[in-house]
Each structure stands twice: as C-alpha cells, then as structure tokens.
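Structural characterization, general
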Amino acid sequence: MPVAATEVNPRSTSSFLKDPRRLSHLRLLEAESIHILREVASEFERPVMLYSIGKDSSVMLRLAQKAFYPAPIPFPLLHIDTGFKFREMLEFRDNMAREIGAELLVWRNEPAIAADTNPIALDTKRCCGLLKTQALLDGLRHYNFDAAFGGARRDEEKSRAKERIYSFRDGAGQWDPKNQRPELWNLYNARIHPGESIRVFPLSNWTELDVWHYIHEEDIPVVDLYFAKERPMYVRGEMLLPIEQSFVARPGEKPQMVKSRLRSLGCSPCTGAIRSDADTIPAIIAELISFRSSERANRVIDHDQEGSMEIKKREGYF
Amino acid sequence: MATLAASPFSIEEFLLEEREKDLLRFSTAGSVDDGKSTLIGRLLYDTQSVYEDQVRSIEGKGTTAPGQLDFALLTDGLRAEREQGITIDVAYRYFSTARRKFIIADTPGHEQYTRNMATGASTADAAIVLIDASKGVQIQSRRHAYIASLLRVRHVLVAVNKMDLIGYDEATFRAIVKDFTAILDQIAVDTGTPVETNFIPVSALKGDNIVHHTAAMPWYEGPSILELLESLPSAADTRTSPLRFPVQRVLRPDHTFRGFAGQIASGTVRPGDILTALPSGRTAKVERIVTWDGDLEEAIAPLSVTLVLDREIDVSRGDLLVSTETQATVARDLKAALVWMDQRPLDPARKYLLKHTSQTVPATLRAINHRTDLASLSHQPAATLQMNDIGSVTLNLLRPIAVDRYAENRATGAFILIDAETNATVAAGMIRSAVDISAGDDNEGEAWGRVTAGEREARWGHRGGALALTGPAALIDAIERSLFAAGVVTCRIDTGDPVFADDAKLVELVTRVEMQSGLLALVVRNENTDHLTARVEAAEIHVESDDVMHAISTVHQLLHNAGIFISAEGAGL
C-alpha cells in the first residue's frame, strides 16, 4: 500500500498477536501507561517524574517519550541522590538526560549528607528516612511540584498491591491507606487543594517480568550493573556486598572477584548483589523465572520489621 | 518447576510464548468467611505465581491446620486488615499461565465496602462471585452479582466454595445453581445487562477445581476456575464498534505539527477516515496516525496514539472525535445509574463535578428517580443516596458533552462525580439515557414522540410562561438581558411592532405558542414613565424605574414566586 512520507516501523506490527483481533499484554499495558502520563501532564500544573535510574524508571522514561512524541517530555526529571548511589548509575543518569533532551533536577539532603548520615552509624530505617524520604519531600516542596510520577509496581510488595494509580498525599506528603479515593475505569480524580499533591504510578499494573520483557522488546538501555560481570564483592554468608562503600566491611573482610549482578539498584551500602551469569536481557529473564524470590528481598530495608514498607509509605516514601 | 526440568528450557521460546499472551482482568468478591483470600492464594500458589520468600514468610502462620499453608495470608496486605483478619480495600494481584496474563482486582465483600467492589468491577472483563456451599446464597453474593451486571462485567464465574464441608454433595450444588440463576435473571431485568454465567463447585482450601480437576466431584464435568479464566474472551473486541477518541492533549511541538493525543476508547481508525469533533460538529479527515514507533496504517482500541487531521479545526482536550456515520449524543441532560461512594450523602445543594473521558463539567442534580433495594431488587423513592446506595438520577450539566449509553460503550458511557468542595470521588455513574441538544430526542428510544413540557423544563431549567412588561425601553432591555444571562430562554413580543399593530388577538396567540414551547414570552409595551409594571398571570408589581438593579431583582422574584423557575439558583437569586 503506497503511503507517502510515512515510515512504518516493523515493531508496530508486533502490537497484534497471531489473532489480529487481540493485542499483546505489553501493548495493552503500554497504552494504559501512556494514557496516565498524558492525563497527569494535562491536569496538573507542575508535574515531575521521579527518576531513580533503575529498570522501572527506564521503562517509565521511554513511555513518557512515547506519550508526547513528537513533542518533548513536558515535565522535568527529578533524581533524589542519597550520595550512596553507584558511580555507574550517576553516569548513566546524566548521559540519558542529555541524550533524550530531558531537563534533569537532582536533589540531595545536604545537611544530612554533611552530617555523615549512613546506614551503619544510624540504622537503615533512619538513614532512608533522612536521605530518601526527607530529601524527596524537601525536593518536591522546593520546586512546588503538585504531581510526581514514580515507577513503583503493585506486584513489588504487599502494601503496594492496594496503592492507587493516583496516590493522594496530604500537605505533609503522607499517605493514608484507609482514606484513598476510589478509582474507577480510567477516570482519575485530579482535584487537589493547595499544598496537597499526588504520586502517580503509571507502571502499577506491570510485573517485574513485564518490565524486563518490555526492555528487551524495545531495546531500552539500562545500567550495566544489572548485567553479570566479575566484580569485587565482600562475601558474607549468602550475601554479596559491593565494595563501593568500603565502610560496610567488617574487620578482616577482603573483597573477592565474584561473577555477579544487581537485581535492583538501591544505595550501595544496602543493596546486595547476587551470583549470576546473566549477561543479557534474555538471560536475566531466564534467571528471573527460575529464581523465584521477589526482587525486594535483597533490599535490606524491607526486612526491618513486618510491614515496614507500609510504615515508610505512610511517612511519605514512595 | 517439574516441566522445566523435563524439557530443556529455552528462553527464546519462552519469550516468543510470552509475546503472544494477552491480558484478562477479573475481579473477585466475597464475604469475610467465603474463603475468597484462600481462593486467590490457591490460584497464585497452584500457578506457581508466588515467590519462595513469600511462601516462607507465611509458613507456620495463620489459622489452618499444622503443616497446611494458610493461603489467605498470601493476599492480605495492610496492617489494619491483618489485625482485623479481613480485607478492607481493593488489592491488585498479578499472575500468568502459559496462555495469558491476569490482573485480579481483589475486592472485599464486607457490606460497607460496596464502593470497592464497584471499583474492582469497573475495569474487569470477568468476575468471580463466591457462594459458601454450607450456607447457601447470601445477600453478599446477590450484591456482587448485581454490581457485576450493573458495571457490565461480561462474564460471571460463580464459585460454589467449601464443597468439602458438605461432603461434595451434588444435590446441594444443584439447588444453589437453581436459586442463584433465578436471582441473576431478576438482576438482568433490573440492570438491563444479562451476564454470561458459569457455576463451578470448588474447595479453595483443598484446591478442588481451582486449577486442577478433582476426583472428589466426579459428577462435575465442567472446567476448573483457571480453565475458564484461560478460555474466556479477553478485553471486549470493539474493532467494529463506532470510533470514539477522547482528546487528552493537543501536541504542538512547533508550528508545523498539530496532533491530538488520546487513547482509542472503541473502534478502529485509519488514515483517510472522516471524523467529527464533538460537541462542535466540525469534520476533518485523518491524515496520519502518529506514534513514537512510526506512523500506523490502522489503530484499534485501546491503543494510545496521536491523530493528525487534514485541516485546522478547533479541537481541544475534552472533545470527542467520532466516526461521522455513527455519532455520539451531545447532551446536557443525563439519566444515569449511580453507585454512591462517599460518607457524605448525595445532596442537591452541594456542587458536584462530573468527570467523563478527559473532561470535567459542573453538574446539577435534577432528580433522584429511585434507589434500588438490593435485597428485593425493588425501586424505592429516595430523597438522597447514602454511602453504598445504588440509584438512578437525572443530572443537568453546565456544558454539553458527547456521550454514549454505558450499555453501548463502557468508556464513553461512564463518569465519576467529584465533590467540588472536598474533592472526594463521591460516585460512579453509568449513563442510561441522554437528551441530544440538537435533535431534542431521547436515545433511550421511549421519546421519539412529541417533546413533552417536562423535557423542555429539564433542558431550560424553567417552565414556559408570559411576563408582561410595561415601562421605559432601557429598563425593559436591562431586564431581558438579565434573564438571558440567567439562562432563561426568552422570546420578545413588542406590541408596538407594526407586525402586531396592537392586535391583541395576535399577541395572545403568539404568546400562547411560545409558552407551549417552554419559552418565557416577554410581552413588551414601551412607555416613557417613571415606573415599570410587570405581570405574570394574576400577579402584578410596580417598581420605580430609576433603580435598575432593584427593578431586575424584583422581576426575578416575581417569576420565582410564580413558579417559573425550577430552582432558586435558576432564578439567579
């Protein structure tokens, strides 16, 4: 069919399954997420996208590019830098923002960083509270953002399963799980009073496997730390601790080279690596489906106490 | 993982299989003790959708016998419900089989949380309704089935659970099927939406007929719950439905490009299609379907795309692009079913905002037609709707919007109501009929006959009437303008006009025709006096003509007292 001056990307035909009346689940999830991104950009005065550099953020960023194409992404990216992020993450962040022409804002809780806040001196809970939650709330307030996109998924953790797509926060940025607005169809209630804000989760309905599969199908760049490689690690029982922050080492611990990778990208002192040979996206997916342990399990922070994620969320964490 | 061990696992094959999966959304609802959490936990566990660390975290906990997993713990989320032992909100779960992906909207059955059930059902293709076989059909099961039907969930799976407690007795199962089928028939009459139904005898606790068939009930030869879920048609195929494209955003990166971004609500769009923009009614041809992945030659619901039209027509966020052959109804007056979701009851004095597709419009309650009693399925007169009530209302919108009936289109027939003061989402609405502002007809089909006085009143917010004004021309002009500003449809008869030539009979005739058409006839006689005389029927007033504002408000009060306005708000008082 002669269609002048239009280029049909072969990928677009993969929208349809063998039965052309059916759309693949990824295409359906993508369409839903784009709808959400466009709604928020149109209904809020100052939206921002929380960009954490991880795989979920990478997918969310690609969806934002798609949602507004050929116009640029109509909101800035905000990275909450705890000062403990891996060097590769920060390089990746800066390159990515430059490449796609997005406005990147970085916010740090400088007083807490200057006071040498770290998870060993404090505990992980108080460290997260200062460097992540407090920094996030301060950053949002500083720029006066009224809507913030986050890459959280409902399948990550039990308390997230009940999270709305538009998650309403009071003037202090806090979440009340008993007082959430009902969310019907794809009609989102964007009305807020001055000082209130919402967090928005466009990837709510994606699973970890969906995210990786989409990265694979769409060739989305992700940080190299996700791929297995010989890396120096402190080995403590089953735990592999990256050497980035040497102060996590206990007396006598020496780094060893271990073929390993990170399943999720957090702060270096609190993110364990796993032994792995997965050095491609399909290999990561293969590992994921054979290794049935939820991804947050190697984030130290969730083990503090039963339901700790819910407590963090009530206080303002994503 | 036995199947993986038996044949060498190929990630390439897995990814190809993964790519072919579609998506089915279903909701579950059940009373506190129906075993709903157990059923979902069992579905997740038996389809190997639970992570090992999650299983480890519930081992040895819960209320089941030693050594037996309490599957309900896999799905109980928040602290409050862990403390109370019940689910209190909508929770979403994800699992997949070799054939498809599933999203479960897990909603509580406790009576006060009807709103959550409606929330879960609003996006569901199917619903699982639980009945406790040892107790028979309870009010909760009836409520769930009603909401599924009202929200147009196409397929209901009735899981008759706890069959193990009644010795897997077929006769008891058959009796429940008979009872509930009768109830479903009644519900379909009330909601106008029959649902396809399957009954499955199960034991969530033992795993009978959840994923695998069971030897315990050889008399049941139908599919298991999972087999049904895998074989149901997924998201409604709307390819052949009329195109509905709510515009979310106008993309204008530079002066050369103007595209309308949105998610196709129904139908198919191709370059060359002629579309009509509603409510304006302008038409244009689709020139391109733009996506980041390249232009498309065809796009179907529910894809998110950007349409470029062949000419500049005035289209903005909130407008609906539709196929020119089958247009939507442009209406200000809607009759709709409501599920009330707020602690604060429906109050005609409060201001509500109606959000429909990508637009939000102030809405006024005109009437509460009835409240539906779910126990008897009868309609009762109601002065308000309380939290969890379901009823029918008539709404009037400040601006016309383009809508379809919910029975025809879930996306363009649905709305939510927002309390303008608290910003709470107070109701879910499903449009039953809409009065088209141009045709004046009612697409419910009942009103193809003559337009009634009631319909005219609903449209204009006032009754037909005649206001006789005698006095200075400038003051009469000011009064006419004030009525016009208040939304009153006036029609002026200047008795001094040569057409009427002081023909009292002709003036009376024209006045009567105008009144019958629901208009406010202004029978005007200009006189250079220092006062104004205004008369409606037998009531007459005289006001000084030097205080314009006073004269205006006195005339409005006169009309209000005569019952011309339906509400005080309409009188501009």
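What you see is a predicted model, and the numbers here were worked out from it, not measured in a lab. (Residues numbered from 1 in each chain as written. Chains lettered and ligands numbered in written order. Predicted model: local features only at pLDDT ≥ 70, side-chain atom pairs only at ≥ 80, totals over all residues. Heavy atoms only, no water.)

Some details on the side chain of Thr82 of chain A
Basically, it comes down to this: Numbering goes from the N terminus for both helices and strands, where a helix is a DSSP run of H or I of at least four residues and a strand is a run of E of at least two. Two N or O atoms count as a polar contact when they lie within 3.5 Å, although within protein this holds only if one can serve as hydrogen donor and the other as acceptor, and sequence-adjacent residues are included solely when both atoms are side-chain atoms.
Checked against the element boundaries, Thr82 of chain A lands in the loop between β2 (77-80) and α4 (87-100). At 3.1 Å, the side chain of Thr82 of chain A forms a polar contact with the backbone nitrogen of Phe84 of chain A.

Some details on helix α9 (residues 170-191) of chain B
All names here are of chain B. The criterion, for reference: A helix is expected to reach a length of 1.5 Å times the quantity of its residues less one. Using a 1.4 Å probe on the protein chains alone, a residue whose accessible area is under 20% of its type maximum counts as buried, one over 50% counts as exposed, and one in between counts as partly exposed. Arc definition: it is the arc formed by the directions from the helix axis to the C-beta atoms.
The end-to-end C-alpha separation of α9 is 31 Å, in line with the 32 Å expected for 22 residues at 1.5 Å each. Phe173, Ile176, Val177, Phe180, Ile183, Leu184, Ile187, Ala188, Asp190 and Thr191 are the residues of α9 that are buried. Angular distribution of buried residues about the axis of α9 spans 145°; they occupy a single face of the element. Structural note: α9 exposes Ala171, Lys178 and Val189 on the side pointing more than 90 degrees away from its buried face. Remark: Gly192 follows α9 within two positions and exhibits a positive phi of approximately 75°.

Observations regarding the packing of helix α7 (residues 208-218) of chain A against helix α2 (residues 11-19) of chain B
Which entries qualify depends on this criterion: To obtain an axis, a line is fitted to C-alpha atoms, over the contacting stretch when the element is a helix, and the angle between two such axes runs from 0 to 180 degrees between their N-to-C directions. Note that the term roughly parallel is reserved for angles under 35 degrees, roughly antiparallel for angles over 145, roughly perpendicular for angles of 65 to 115, and oblique for everything else. Should any heavy atoms of two residues lie within 4.5 Å, those residues are counted as being in contact. For this scheme, ten residues count as nonpolar: Ala, Val, Leu, Ile, Met, Phe, Trp, Tyr, Cys and Pro. Four count as charged, namely Asp, Glu, Lys and Arg, and the remainder, Gly too, count as polar.
One way to put it is that α7 of chain A packs onto α2 of chain B with a least axis distance of 12 Å and a crossing angle of 100°. When the axes of α7 of chain A and α2 of chain B are compared, the pair comes out roughly perpendicular. Contact residues: α7 of chain A offers Leu209, Asp210, His213, His216 and Glu217 of chain A, while α2 of chain B offers Phe14, Leu15, Glu18 and Arg19 of chain B. A class-by-class count of the residues in the contact of α7 of chain A with α2 of chain B yields 3 nonpolar, 2 polar and 4 charged.

Looking at a negative patch on the surface
Where we set the bar: Patch criteria: residues need more than 30% relative accessible area and no salt bridge. Like-charged residues are merged within 9 Å; nonpolar side chains of Val, Leu, Ile, Met, Phe, Trp and Tyr are merged within 5 Å. Surface accessibility follows the Shrake-Rupley procedure with a 1.4 Å probe radius. Residue values consider only the protein chains on display as shielding. Salt bridge, as used here: a side-chain nitrogen of Lys or Arg that lies within 4 Å of a carboxyl oxygen of Asp or Glu. Positive charges are assigned to Lys and Arg, negative charges to Asp and Glu, while His and the chain termini are left out of the count. For this purpose, a charge sits on NZ of Lys, CZ of Arg, CG of Asp or CD of Glu.
A cluster of like negative charges, contributed by Asp530, Glu544, Asp546 and Asp547 of chain B, occupies part of the molecular surface. In this structure, Asp530 of chain B sits in the loop between β24 (520-526) and β25 (531-536).

Regarding the pairing of strand β3 (residues 104-107) of chain A
Convention followed: Here is how to tell: hold the view so the strands point away, follow the path from the first strand over the helix to the second, and if it runs clockwise the crossover is right-handed.
The side-chain alternation of β3 of chain A yields one buried face, formed by Leu105 and Trp107 of chain A, and one unburied face, formed by Leu104 and Val106 of chain A. In this view, the connection linking β2 of chain A to its parallel neighbour β3 of chain A by way of α4 of chain A has right-handed handedness.

A short note on unusual backbone geometry
Along the chain, Tyr69 of chain A connects to Pro70 of chain A via a cis peptide bond; the corresponding omega equals 5°. Along the chain, the position of Pro70 of chain A falls in the loop between α3 (55-68) and β2. Residue Pro279 of chain B is bonded to the preceding Leu278 of chain B through a cis peptide linkage, with omega at 10°. Within the chain, Asp219 of chain A stands out as a residue other than glycine whose phi angle is a positive 50°. Relative to the helices and strands, Asp219 of chain A resides in the loop between α7 and β7 (229-236). At Asn423 of chain B, a position not held by glycine, the phi torsion is positive, near 70°. Among the secondary structure elements, Asn423 of chain B is positioned in the loop between β20 (414-419) and β21 (425-436).

Observations regarding the sheet that holds strand β8 (residues 259-263) of chain B
All names here are of chain B. Note the cut-off: When DSSP finds two or more bridges between two strands, those strands count as paired.
Pairing within the closed barrel is antiparallel, and its 6 strands lie in the order β7-β8-β13-β11-β10-β14. The average angle at which neighbouring strand axes cross in this sheet is 45°, direction not considered. With 4 bridges connecting them, β8 and strand β13 (residues 304-309) associate as antiparallel partners. In the strand pairing of β13, Gly262 is matched with Val305.

Here we look at the pattern of salt bridges
Considering all chains together, one arrives at 51 salt bridges over all chains under this definition. A salt bridge links Lys66 of chain A to Glu30 of chain A, with the shortest nitrogen-to-oxygen separation between them at 2.7 Å. In this pair, Lys66 of chain A is assigned in helix α3 and Glu30 of chain A in helix α2 (residues 25-43), connecting sequence segments 36 residues apart. Through salt bridges with shared partners, a single ionic network connects Arg27, Glu30, Arg62, Lys66 and Glu218 of chain A together with Asp293 of chain B.

Observations regarding the confidence of the model for chain B
Residues and elements named next belong to chain B. Our working rule: Per-residue confidence from the prediction method is given by pLDDT, with values spanning 0 to 100.
For chain B, mean pLDDT is 86; residues scoring 70 or higher make up 88% of the total. Contacts for the low-pLDDT stretch residues 1-6, under 50 throughout, to residues beyond four places or in other chains number 4 contacts. The low-confidence segment residues 440-447 (pLDDT under 50) makes 18 contacts with residues lying over four places distant or belonging to another chain.

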